[in-house]
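Working through the structure, step by step
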Amino acid sequence: AGRALFTRFHALVTERFGLDRRACLMPQSRGGLMHYNWAAEHPDCVRCIGAIYPVCDMKRPIRLEKVAAAYGLTPGQLLAEAHLHHPIDRVAPLAEHRVPILHIHGDQDEVVPLASNSQALIDRYRALGGPGEVIVVAGKGHAEVPEFFQNRRMLEFYLTLGENLGPE
């Protein structure tokens, strides 16, 4: 439902207000699920993605129950439909469109662990030929701190629309 609403919102702001068709997305935490799934379904509408500790692994047992409820599914149903909802498994269309992706993630994040979320998504993305990078913030967890939200590298990423990510 969130992805359908976001599609309608995208149409509104691009058609009525003349905003660029290709959006720069900035998912944070659980927003990673919605943004990455929408982006996978609309890769031609995405210029770049800069994320702050995004949830990319919906299959973790601790998260599965909550995520399944948000989709109106049981955990078993959600796993059966994982190919439709699991960001790590859905990045191929973004790689084909060469959408630059930059994540900032703390190495002490216990809520959304770095290895199974940002690092796993970027590793898969790069294996598919997509331009992606993870900035690891040492000693930080899942918190609203300047190291995440006042990061110069992320600012430069958006100002250059991901062009400063460099070749793969």
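Cut-off values and rules
Residues numbered from 1 in each chain as written. Predicted model: local features only at pLDDT ≥ 70, side-chain atom pairs only at ≥ 80, totals over all residues. Heavy atoms only, no water. Phe/Tyr/Trp six-rings, centres within 6.5 Å; stacked < 30°, edge-to-face > 60°. Helix = DSSP H or I, 4+ residues; strand = E, 2+ residues; numbered from the N terminus. Buried < 20%, exposed > 50% of the residue type's maximum accessible area, 1.4 Å probe, protein only. Arc of directions from axis to C-beta. Contact = heavy atoms within 4.5 Å. Polar contact = N/O pair within 3.5 Å; in protein donor to acceptor, adjacent residues only side chain to side chain. Pairing = 2+ DSSP bridges. Axes fitted to C-alpha atoms, helices over the stretch in contact; angles between N-to-C directions. Right-handed = clockwise from strand over helix to strand, strands pointing away. Left-handed = near helix turned anticlockwise from the far one by under 90°. Nonpolar A, V, L, I, M, F, W, Y, C, P; charged D, E, K, R; others polar.

**Regarding the packing of aromatic side chains**
Enumeration according to the criterion identifies 5 aromatic pairs in this entry. Arranged with centres 5.1 Å apart and planes meeting at 90°, the rings of Tyr53 and Phe148 form a pair that is edge-to-face. Taken together, the positions of Tyr53 in the loop between β2 (46-52) and α3 (61-70) and Phe148 in helix α7 (residues 146-149) put the pair 95 residues apart, joining distant regions of the chain. Each member of the pair, Tyr53 as well as Phe148, is classed as buried.

**A closer look at helix α8 (residues 152-159)**
Buried within α8 we find Met154, Phe157 and Tyr158. All buried residues of α8 fall inside an arc of 90° around its axis, so they share one side. When the buried face of α8 is taken as reference, the exposed residues oriented beyond 90 degrees from it are Arg152 and Leu159. Contacts from the buried residues of α8 go to β1 (23-25), β2 and β3 (101-106). If you check the start of α8, you find a side-chain oxygen 2.9 Å away from the backbone N of Arg153, and it comes from Asn151. One or two residues past the end of α8 sits Leu161, with phi positive at roughly 55°.

**As for the sheet that holds β3**
Read across the sheet, 4 strands follow the order β1-β2-β3-β4 without closing on themselves; strand pairing throughout is parallel. Pairing within the sheet leaves two strands with one partner each, and these edge strands are β1 and β4 (132-137). Direction aside, the axes of adjacent strands within the sheet are offset by 15° on average. Note that β3 and β4 share 6 bridges and pair parallel. In the sheet register, His105 faces β4, and the bridge partner there is Val136. Contacting β1, β2 and β3, helix α2 (residues 31-41) crosses the sheet at an angle of about 160° to β2. In the packing of helix α6 (residues 115-127) onto the sheet, contacts are made with β3 and β4, and the angle to β3 comes to roughly 155°.

**Digging into the pairing of β2**
The buried fraction of β2 amounts to 7 of the 7 residues, a majority that puts the element mostly inside the structure. Of the strand pairs in this sheet, β1 and β2 are connected by 3 bridges, and their pairing is parallel. Paired with Ala23 across the bridge in β2 is Val46. Each parallel crossover has a hand, and the one from β1 via α2 to β2 is right-handed.

**Considering the packing of helix α1 (residues 2-15) against α2**
In the contact formed by α1 and α2, the axes pass within 10 Å of each other and the chain directions differ by 65°. With respect to the hand of their crossing, α1 and α2 are arranged in right-handed fashion. Counted together, Gly2, Arg3, Phe6, Thr7 and His10 of α1 and Met34, His35, Asn37, Trp38 and Glu41 of α2 form the full contact between these two elements. Classifying every residue of the contact of α1 with α2 by side-chain character gives 3 nonpolar, 5 polar and 2 charged.

**A short note on the environment of Asp107**
Structurally, Asp107 can be placed in the loop between β3 and α6. Taking relative accessible area as the criterion, Asp107 reaches 35% and is therefore assigned partly exposed. As for Asp107 and Leu94, which are separated by 13 residues in sequence, their C-alpha atoms are 26 Å apart. Dropping the residues within four chain positions of it, Asp107 is found in contact with Leu114, Val136, Val137, Ala138, Gly139 and Lys140.

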